[in-house]
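A closer look at the structure
As a plain string of letters, each chain reads:
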Amino acid sequence: MATTEIDIFANEEKRSLELAGHVGFDSLPDQLVSKAVSQGFCFNILCVGETGIGKSTLINTLFNTTFESDEASHYLQDVHLRPKTYDLQESNVNLKLTIVDTVGFGDQINKDESYKPIVDYIDTQFENFLQEEMKIKRSLHNYHDSRIHICLYFIAPTGHSLKSLDLVTMKKLDSKVNIIPVIAKADTISKSELHKFKIKIMSELVSNGVQIYQFPTEDEAVTEINSTMNAHLPFAVIGSVEQVKVGNKMVRARLYPWGSVQVENESHCDFVKLREMLLRVNIEDLREQTHARHYELYRRCKLEEMGFKDTDPDSQPFSLQQTYETKRKEFLVELQRKEEEMRQMFVNKVKETEAELKEKERELHERFEQLKRMHHDEKRNLEEKRRELEEEMNSFNRRKVAAETLMGQALQSCSQQPFKKDKDKKNFFSLPSACSLTSGRNLN
Ligand code: GTP
Ligand code: MG
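Residues numbered from 1 in each chain as written. Chains lettered and ligands numbered in written order. Predicted model: local features only at pLDDT ≥ 70, side-chain atom pairs only at ≥ 80, totals over all residues. Heavy atoms only, no water.

1. Thoughts on the site of ligand 1
The condition that has to hold: What makes a residue near a molecule or strand is one non-hydrogen atom of that residue sitting within 4 Å of it. Two N or O atoms count as a polar contact when they lie within 3.5 Å, although within protein this holds only if one can serve as hydrogen donor and the other as acceptor, and sequence-adjacent residues are included solely when both atoms are side-chain atoms. Shrake-Rupley sampling with a 1.4 Å probe provides the accessible areas, and residues are treated as covered by the protein chains on show and by no other component. Put simply, DSSP marks the helices as runs of H or I at least four residues long and the strands as runs of E at least two long, and each gets a number from the N terminus on. Throughout this entry, Asp, Glu, Lys and Arg are counted as charged residues, while Ala, Val, Leu, Ile, Met, Phe, Trp, Tyr, Cys and Pro are counted as nonpolar. The remaining residues, Gly among them, count as polar.
Neighbouring ligand 1 are 17 residues; Ser-56, Thr-57, Ala-72, Asp-187 and Gly-239 lie closest to it. Backbone polar atom of Gly-52 to an oxygen atom of ligand 1: 3.0 Å apart, as the coordinates give it. Side-chain polar atom of Lys-185 to an oxygen atom of ligand 1: 3.1 Å apart, as the coordinates give it. Against a free-state accessible area of 650 Å², the protein chains account for coverage of 77% of ligand 1. Listing elements by their share of the shell around ligand 1, those giving two or more residues are α3 (55-63) and β8 (249-256). In terms of residue count, the dominant contributor to the shell around ligand 1 is α3 (three residues). Here the shell around ligand 1 is built from residues that sort into four nonpolar, seven polar and six charged.

So, in structure tokens, the structure goes:
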């Protein structure tokens, strides 16, 4: 058999050739950029943090606008996620921005399950994308990609350490999303305390094996700034949409009786660092990491769960068709097994019912026989009694007849001797037999 052409090309060495003149494919990056710009971009931010920690204010400050937001109640039974999408434009770049807010986070007495709705939400967005990818008719170019690119995790400015809720939640999320931890309301913590707090947080994250997002340092253009910024994590931020006059400039700040704290002043907080890192320098890396790392992991696990493999036990490539056939066979065998199991169950059930019915029939029959016997005995007793009564009646009748005969004779003899003395009469009527005969009381 001839070696295939593909093999020849695969083994062939690539040679570099010089072009004699301008050809034009150097416009490829420009074409890519203009195509991407015309399609627009999407960016999805998840804000995780306790109620009232400053999530909405920070997002408004980041994008220099006012997004819709309702104040959350502290009495919600569970955590839920509220996504809102906006179309933003800067220069000629369109950005479809989705902000997902965690509502009611940290408010429940039992916080064991607080991370779950967040994990479920992230997984659902991955699942939706996977479903779209697996469709026969895909439309990924105009698909609204809702996968979360960044999770801003708001840490309360306690100055102590992370809460266990923070550690558990970040641990559950770190393989699914890029996490950037931020210390919220950093104006409420002193400079020296903040420094120690940052060190404490980072050491706790490391010792608990929580992987937060690291700004990439591979690209030379951003190596320096990104490595410097990695050392500043977690960023201590302040949010405010209030404009305050400082000198002769209007700046965003928070005003206090003793002075003001300026949001965009780097000696006051890390807000500018966060905005630069998140939106100006690394936004594309965050999108890429989401697709290439987090989504890829989700997709791999999901496909493996569904039984797809890249290689067979002999390390040979596994075709999709083959996997499908194998799965189909497995499924049919399983189906048959289940069918047989159900049929057997049905037969057993019928047998059981049959046995139960037979037992009931036998019991009924026994009862019937018993009743029949009882009835028979009763009938016999009654017969006996009837016979006795008949005998009694017969004897009574016989005695009655005898008595009547005796009485008849007595009356006859009385009528034949009409002139007997009173004494004799008295004697006759005082005779016990005569009295009893006339009264008829003791005849039976
Ligand atoms: P929910 O959406 O209700 O969970 O609240 P949230 O996390 O969105 O907080 P929000 O931005 O509504 O802010 C709550 C309160 O904190 C408001 O009174 C803000 O003015 C205040 N706040 C926001 N950011 C800061 C900050 O950086 N420092 C201080 N001191 N207060 C802030
Ligand atoms: Mg809010």
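2. Points about the sheet that holds strand β1 (residues 41-48)
Basically, it comes down to this: Any two strands with at least two DSSP bridges between them are considered paired. Here, residues are in contact when the closest pair of their heavy atoms is within 4.5 Å. For helices, the axis comes from a line fit to the C-alpha atoms of the stretch in contact; other axes are also lines fit to C-alpha atoms, and the angle between any two N-to-C directions lies between 0 and 180 degrees.
Spatial ordering of the open sheet is given by β2-β3-β1-β4-β5-β6, a layout of six strands whose pairing is mixed. Because the sheet does not close on itself, it has two edges, and the strands there are β2 (80-90) and β6 (235-236). Examined bridge by bridge, β1 and strand β4 (residues 150-155) share four bridges and lie parallel to one another. The partner of Cys-47 across the bridge, within β4, is Leu-152. Relative to the sheet, helix α4 (residues 116-134) contacts β1, β2 and β3 (93-103), its axis offset from that of β2 by approximately 50°.

3. Side note on empty space enclosed by the protein
Operational definition: Points on a 1 Å grid, built from protein atoms alone, make a cavity when a 1.4 Å probe fits but cannot get out and make a pocket when they are open with protein on both sides within 12 Å along at least 5 of 7 lines; residues with an atom within 4 Å of a point are the lining residues. Grid points are joined across faces, edges and corners, and a volume is the space filled by probe spheres set on the points.
Within this structure, the stated rule accounts for two cavities of 30 Å³ or more. The space that makes up the largest cavity amounts to roughly 170 Å³. If you trace the largest cavity, you find 14 residues lining it, with Ser-56, Glu-68, Ser-69, Ile-99 and Asp-101 closest to the centre. Only α3, β2 and β3 provide two or more residues apiece to the lining of the largest cavity. Among the elements that line the lining of the largest cavity, the one with the most residues is α3, at four residues.

4. Thoughts on the pairing of β3
The criterion, for reference: Burial classes follow relative accessibility: with a 1.4 Å probe on protein chains only, a residue under 20% of its type's maximum area counts as buried, one over 50% as exposed, and anything between as partly exposed.
The buried fraction of β3 is high, at eight of eleven residues. In this structure, β2 lies alongside β3, joined through eleven bridges in antiparallel fashion. Directly across from Thr-85, in β3, lies its bridge partner Thr-98. Between the end of β2 and the start of β3, which pair antiparallel, lie two residues, with Ser-91 showing a positive phi angle near 50°.

5. Considering the nonpolar core
Stated precisely, the cut-off is as follows: In these notes, a set of buried Ala, Val, Leu, Ile, Met, Phe, Trp, Tyr and Cys residues joined through side-chain atoms within 4.5 Å is what counts as a nonpolar core.
Ranked by size, the top nonpolar core spans 73 residues in total, and within it Ile-45, Leu-46, Ile-59, Leu-152, Ile-180, Phe-235 and Leu-274 carry the most contacts. In terms of residue count, α4 provides more of this core than any other element does, seven residues in total.

6. Re the packing of α3 against helix α8 (residues 271-281)
Packed helices, taken two at a time, are described by the angle their axes make and the gap between the axes. Going by this rule: Should an angle fall under 35 degrees it is taken as roughly parallel, and over 145 as roughly antiparallel, whereas 65 to 115 is taken as roughly perpendicular and any remaining angle as oblique. By convention, the crossing between two helices is left-handed when the near helix turns anticlockwise from the far helix through less than a right angle, and right-handed when the turn is clockwise.
Following both chains from N to C, one finds α3 and α8 inclined at 70°, their axes separated by 10 Å at the closest point. When the axis of α3 is compared with that of α8, the two are roughly perpendicular. Two packed elements cross with a definite hand, and for α3 against α8 that hand is right-handed. Contacts between α3 and α8 involve Leu-58, Thr-61, Leu-62 and Phe-63 on the former and, on the latter, Phe-271, Leu-274, Arg-275, Leu-278 and Leu-279.

7. Considering the UniProt feature "coiled-coil region" (unreviewed entry) in the protein
Note the cut-off: UniProt positions are given in the numbering used here, feature names are shortened, and annotations may be inferred rather than shown by experiment.
In the numbering adopted here, UniProt assigns the feature "coiled-coil region" (unreviewed entry) to residues 321-406. Annotated as residues 321-406, this span is 100% helix and 0% strand, and its ends, taken at the C-alpha atoms, are 125 Å apart.

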